[in-house]
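Structural overview for review
Now for the letters of each chain:
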Amino acid sequence: MNTRIIINGNEVNNPLTKILLILGTIIIATLVTAVVIFILLPIIGVAVTLSIGFIVIFFIATIASVAALVLVTIISSWLFGSTEFRIVRIHRK
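Residues numbered from 1 in each chain as written. Predicted model: local features only at pLDDT ≥ 70, side-chain atom pairs only at ≥ 80, totals over all residues. Heavy atoms only, no water.

All right, on to the layout of surface pockets then. Looking at the second largest pocket, its volume works out to about 270 Å³. Along its surface, the second largest pocket is lined by Ile26, Ala29, Thr30, Thr33, Ala34, Ile37, Phe38, Ile55, Phe58, Phe59, Thr62 and Ile63. Secondary structure elements with two or more residues in the lining of the second largest pocket: α1 (15-43) and α2 (48-80). (1 Å grid on protein atoms, 1.4 Å probe; cavity = no way out; pocket = protein on both sides within 12 Å on 5 of 7 lines; lining within 4 Å. Points joined across faces, edges and corners; volume = space filled by probe spheres on them. Helix = DSSP H or I, 4+ residues; strand = E, 2+ residues; numbered from the N terminus.)

A cluster of nonpolar side chains, namely Ile28, Val32, Val35, Val36, Phe38, Ile39, Leu40, Ile43 and Ile44, defines an oily patch on the protein surface of about 880 Å² accessible area. By the secondary structure assignment, Ile39 is in helix α1. (Patch = residues over 30% accessible without salt bridge, like charges linked within 9 Å, V, L, I, M, F, W, Y side chains within 5 Å. Areas by Shrake-Rupley, 256 points an atom, 1.4 Å probe, with all protein chains shown as cover. Salt bridge = Lys/Arg side-chain N within 4 Å of Asp/Glu carboxyl O.)

The α-helix advances 3.6 residues per turn, and as a result positions three or four apart in sequence lie on the same side. Spanning 29 residues, α1 covers 41 Å between terminal C-alpha atoms, matching the ideal 42 Å at 1.5 Å per step. Of all the bends in α1, the greatest measures close to 30 degrees and is centred on Val36. At the N-terminal boundary of α1, the capping side chain belongs to Asn14, with an oxygen 3.2 Å from the backbone nitrogen of Leu16. Looking at the residues trailing α1, positive phi occurs at Gly45, about 95 degrees. (Expected span 1.5 Å × (residues − 1). Bend = angle between axes of the 7 residues up to and from the residue. Polar contact = N/O pair within 3.5 Å; in protein donor to acceptor, adjacent residues only side chain to side chain.)

To continue, consider the confidence of the model for the protein chain. Residue-level pLDDT values for the protein chain average 78, and 80% of them are 70 or greater. Taken element by element, the protein chain is modelled with least confidence in strand β1 (residues 6-7), mean pLDDT 79, and with most confidence in α1, mean pLDDT 85. (pLDDT = per-residue confidence, 0-100.)

Right, dumping it as structure tokens:
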């Protein structure tokens, strides 16, 4: 897995932990979307049919965005290799 996850300056090396962290973020994003669709939209008076339409739209958009993210990640890692951003002080005292 080319994904680097750094927590408190330490890189997570265990693949199972990486997968669990990635799946956890997807689940949290899904829960936030569900709260917006099932709780906030009916509270503000949006019809249930529109909520179902939003569910379908969000579901399709989520799948498409994950696929696009994977594709962009694969293409960029293939073209540029691993990339790392570093910020270094130019003027040191």
